[in-house]
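These are the residues of each chain, in order.
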Amino acid sequence: QVQLVESGGGLVQAGGSLRLSCVASGLTFNRYAMGWFRQAPGKEREFVAAIKWTGGSTDYADSVKGRFTISRDNAKNTVYLQMNSLKPEDTAVYYCAASQTYGLAYEERRYNNWGQGTQVTVSS
């Protein structure tokens, strides 16, 4: 049974940083592309960042480019999202997801498995 468990969310002031982690189990982690998505209150879930199974290729939503960094440690079955210079509009529930796509995956429908989410709240 595949499980993705996020952690690291919390309350932070604008300009601060958080690092989210997502530990995967029940799958061959180094064969999956991974992604982070977020859903703010009253809005649809949106793509944040993606990383290829090798870790050698990444991409980001324009809204987070230059502030967020996605990385992975295949030995630990873990994907990370380092979030710097946080803004109130980054407030959302953040989800990690696993995709069997060979390259990068940007669309929700490309992801097979999802975590339960972790809340990030940025105060102004």
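That block above? That's the structure.
These numbers were taken from a predicted model, which means no experiment stands behind them. (Residues numbered from 1 in each chain as written. Predicted model: local features only at pLDDT ≥ 70, side-chain atom pairs only at ≥ 80, totals over all residues. Heavy atoms only, no water.)

Caption draft 1: Geometry of the side chain of Arg67. Of note, Arg67 is situated in the loop between β6 (58-60) and β7 (68-73). A distance of 2.7 Å separates polar atoms of two side chains, one belonging to Arg67 and the other to Asp90. Look past the residues within four positions of Arg67 in its chain and what remains in contact with it is Gln82, Met83, Asn84, Ser85, Leu86, Lys87 and Asp90. (Helix = DSSP H or I, 4+ residues; strand = E, 2+ residues; numbered from the N terminus. Polar contact = N/O pair within 3.5 Å; in protein donor to acceptor, adjacent residues only side chain to side chain. Contact = heavy atoms within 4.5 Å.)

Caption draft 2: Region of the structure containing the nonpolar core. Grouped together as the largest cluster of nonpolar side chains are 37 residues, with contacts concentrated most on Trp36, Val79, Leu81, Met83 and Tyr94. Of all the secondary structure elements, the ones that give two or more residues to this core are β3 (18-25), β4 (33-39), β5 (46-51), β7, β8 (78-83), β9 (92-99) and β11 (118-123). If near-sequence neighbours (up to four positions away) are discounted, Tyr94 is found in contact with Glu6, Leu20, Trp36, Phe37, Arg38, Val48, Phe68, Leu81, Met83, Gly117, Thr118 and Val120. (Core = buried A, V, L, I, M, F, W, Y, C linked by side-chain atoms within 4.5 Å. Buried < 20%, exposed > 50% of the residue type's maximum accessible area, 1.4 Å probe, protein only.)

Caption draft 3: Quick peek at the sheet that holds β8. In space, the four strands of this open sheet follow the order β1-β3-β8-β7, with antiparallel pairing throughout. Two strands bound the open sheet, and with one partner strand each, they are β1 (3-7) and β7. Between one strand axis and the next, the sheet turns through 15 degrees on average, direction left out of account. With six bridges joining them, β3 and β8 adopt antiparallel strand pairing. By the bridge assignment, Leu20 is partnered in β8 with Leu81. (Pairing = 2+ DSSP bridges. Axes fitted to C-alpha atoms, helices over the stretch in contact; angles between N-to-C directions.)

Caption draft 4: Looking closely at the packing of aromatic side chains. Tallied over the entire structure, the rule returns six aromatic pairs. Seen in terms of ring centroids, Phe37 and Tyr111 are 5.2 Å apart; in terms of plane orientation they differ by 85 degrees. Their pairing is edge-to-face. Residue Phe37 is located in strand β4, and its partner Tyr111 is located in the loop between β9 and β10 (113-114); the two are separated by 74 residues in the primary sequence. Like Tyr111, Phe37 is buried. Ring pairs connect the aromatic residues Phe37, Phe47, Tyr106, Tyr111 and Trp114, which therefore count as one cluster. Arg72 extends its terminal NZ or CZ atom over the ring of Phe29, reaching a point 4.4 Å from the ring centre. (Phe/Tyr/Trp six-rings, centres within 6.5 Å; stacked < 30°, edge-to-face > 60°. Lys NZ or Arg CZ within 6 Å of the ring centre and 35° of its normal.)

Caption draft 5: Just the environment of Met83, in detail. Relative to the assigned elements, Met83 resides in strand β8. Each C-alpha atom, one on Met83 and one on Phe68, is 4.5 Å from the other, the two residues being 15 residues apart in sequence. In contact with Met83, not counting residues within four places along its chain, are Gly16, Ser17, Leu18, Leu20, Arg67, Phe68, Tyr94 and Val120.

Caption draft 6: Examining the pairing of β5 more closely. With five of six residues buried, β5 lies mostly within the body of the structure. Looking at chain direction, β4 and β5 are connected through five bridges and run antiparallel. Residue Met34 lies in a different strand from β5, and its bridge partner there is Ile51. The loop that links β4 with its antiparallel partner β5 comprises six residues; one of these, Gly42, has a positive phi angle of about 75 degrees. Pairing analysis gives three bridges linking β5 to β6, with the strands arranged antiparallel. Each residue of the ladder has a partner; that of Ile51, found in β6, is Thr58. The turn linking β5 back onto β6 is made up of six residues, and Gly55 within it adopts a positive phi angle of 85 degrees.

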